[in-house]
Amino acid sequence: MLLEINHIQKSFDNLAVLKDVSLKVNSGDVITILGRSGSGKTTLLRCLNFLERADKGDMLFDGTHYDLHAAPKSQIAALRKKTGFVFQDYNLFINKTALKNVTEGLIAGHGMKRAEAEDIGMEMLRRVGMAEKRDSYPHELSGGQQQRVAIARAMAANPRIIFFDEPTSALDPQLVGEVLAVMRSLAEGGMTMMVVTHEMNFARNVSTRTVLMHEGEIAEEAPPSEFFTHPRSEAARRFLSLEGK
């Protein structure tokens, strides 16, 4: 068991966004998290990486216990060295090249020597098909290329898990495939991933388990072969019906 999430709760302005969410993730799992807008998907990922503080809840990650409401900054910093996070809108440094975007965290956050960081950075850019763009700035790259650089950055520190928050939602349709291909390659290589997505084919064909969030709760959790063919909950049946239209 790599990650165990227990009884997470989170509210914004008295609106309960997460209501007692618990989940287990094994090494090598690709967990796709589906749900309508406002169901709590993104908030869940952000709480797990302390981009938001949960109101209640705890987790066990890689053998260490974390209070999701009260963990100290030192513990959070240690956690983030073992995780990667890929955002909807890339979050690249606009004044740094693709290579420097990948190496910055290794040098500043992990204390790595620049030469070693650049070797790793180039290997990560090669893995996502972006080596030839090493000296390009974000404004010189397409959205799909920027997201591939963001994935390379997330991979660079050899994380135990990568969180993906709707990584293709900001992309033009013709660019979605190149990002999903990189993610599929990561999954095939055994990377543990939690992916908030609206890409049903990716969820069906790549994930090991599919989770449906509905009104701040996990309405259903199942292997994709079961979730997409024999959904048990009314929420899942309704969601799949709407997605199929």
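Everything below is about the structure printed above this text.
Residues numbered from 1 in each chain as written. Predicted model: local features only at pLDDT ≥ 70, side-chain atom pairs only at ≥ 80, totals over all residues. Heavy atoms only, no water.

Visitor: Give a detailed account of unusual backbone geometry, specifying residues and quantitative values.
Guide: A positive phi angle, close to 50°, is found at Asp 13, a residue other than glycine. One non-glycine residue with positive phi stands out, namely Asp 20, at about 60°.

Visitor: Talk me through the nonpolar core; I want residue IDs and the actual numbers.
Guide: Core analysis: the biggest nonpolar cluster contains 39 residues, and Ile 151, Phe 164, Met 183 and Met 193 have the highest contact counts within it. At the level of secondary structure, the elements contributing two or more residues to this core comprise α3 (98–108), α4 (114–127), α5 (143–156), β7 (161–165), α6 (173–188) and β8 (193–196). Ranked by the residues each element gives to this core, the list is headed by α6, at 8 residues. Contacts of Ile 151, omitting those with residues within four sequence positions, involve Val 86, Val 128, Phe 164, Val 179, Val 182, Met 183 and Leu 186. Grouped together as the second largest cluster of nonpolar side chains are 31 residues, Cys 47, Ala 54, Phe 61 and Leu 68 included. (Core = buried A, V, L, I, M, F, W, Y, C linked by side-chain atoms within 4.5 Å. Buried < 20%, exposed > 50% of the residue type's maximum accessible area, 1.4 Å probe, protein only. Helix = DSSP H or I, 4+ residues; strand = E, 2+ residues; numbered from the N terminus. Contact = heavy atoms within 4.5 Å.)

Visitor: An account of the sheet that holds strand β2 (residues 15–25) is requested, with residue identities and associated values reported.
Guide: Spatially, β2-β1-β4-β5 is the arrangement adopted by the 4 strands of the open sheet, whose pairing is antiparallel. Edge strands, defined here as strands with exactly one partner in the open sheet, are β2 and β5 (64–67). Strand-to-strand, the axes of this sheet are offset by a mean angle of 15°, without reference to chain direction. As defined by bridge partners, strand β1 (residues 3–12) adjoins β2 across 7 bridges and the pair is classed as antiparallel. Paired with Glu 4 across the two strands is Lys 24, which belongs to β2. The strands touched by helix α1 (residues 41–48) within the sheet are β1, β2 and β4 (56–61), with β1 carrying the most contacts at an inclination of about 115°. Most of the contacts of helix α2 (residues 73–80) go to β5, to which it runs at about 125°, and overall it touches β4 and β5. (Pairing = 2+ DSSP bridges. Axes fitted to C-alpha atoms, helices over the stretch in contact; angles between N-to-C directions.)

Visitor: Can you lay out the pairing of strand β10 (residues 217–222) for me, pointing to particular residues and giving the numbers?
Guide: Pairing of strand β9 (residues 209–214) with β10 involves 5 bridges; the strand directions are antiparallel. Bridge pairing in β10 places Thr 210 opposite Ala 222. Counting the residues between successive antiparallel strands, the hairpin from β9 to β10 contains 2 residues, one of them, Glu 215, with a positive phi of roughly 55°.

Visitor: Lay out the side chain of Ser 233 with the relevant residues and their values.
Guide: By the secondary structure assignment, Ser 233 is in the loop between α8 (224–227) and α9 (234–243). A residue is classified by how much of its surface remains accessible, and Ser 233, at 15% relative accessible area, is buried. At a separation of 3.0 Å, a polar atom in the side chain of Ser 233 contacts the main-chain amide nitrogen of Ala 236. (Polar contact = N/O pair within 3.5 Å; in protein donor to acceptor, adjacent residues only side chain to side chain.)

Visitor: Any details on the pattern of salt bridges? Residues and values, ideally.
Guide: One pass over the structure, following the stated rule, counts 12 salt bridges. Here Arg 209 and Asp 29 are joined by a salt bridge, their closest N and O atoms 2.9 Å apart. With Arg 209 in strand β9 and Asp 29 in the loop between β2 and β3 (30–34), this pair connects stretches of sequence that are 180 residues apart. Like Asp 29, Arg 209 is buried. (Salt bridge = Lys/Arg side-chain N within 4 Å of Asp/Glu carboxyl O.)

Visitor: If you had to explain α1 to someone new, which residues and values would you point to?
Guide: Spacing of three or four residues puts side chains on the same side of an α-helix, whose turn is 3.6 residues. Extensive coverage of α1 is indicated by the burial of 6 of its 8 residues. Every buried residue of α1 is listed here: Lys 41, Thr 43, Leu 44, Leu 45, Cys 47 and Leu 48. Positive phi shows up at Phe 50, right after α1, with a value of about 60°.

Visitor: Provide a residue-level description of α4, including the pertinent values.
Guide: Its 14 residues place the ends of α4 20 Å apart at the C-alpha level, agreeing with the 20 Å of an ideal helix rising 1.5 Å per residue. Taken as a whole, α4 has its buried residues at Ala 117, Gly 121, Met 122, Met 124 and Leu 125. Summarising the axial view, the buried residues of α4 lie within an arc of 160°, below the 170-degree limit, and thus occupy one face. α4 presents Ala 115 and Asp 119 as exposed residues on the side facing more than 90 degrees away from its buried surface. Contacts made by the buried residues of α4 are with α3 and α5. (Expected span 1.5 Å × (residues − 1). Arc of directions from axis to C-beta.)

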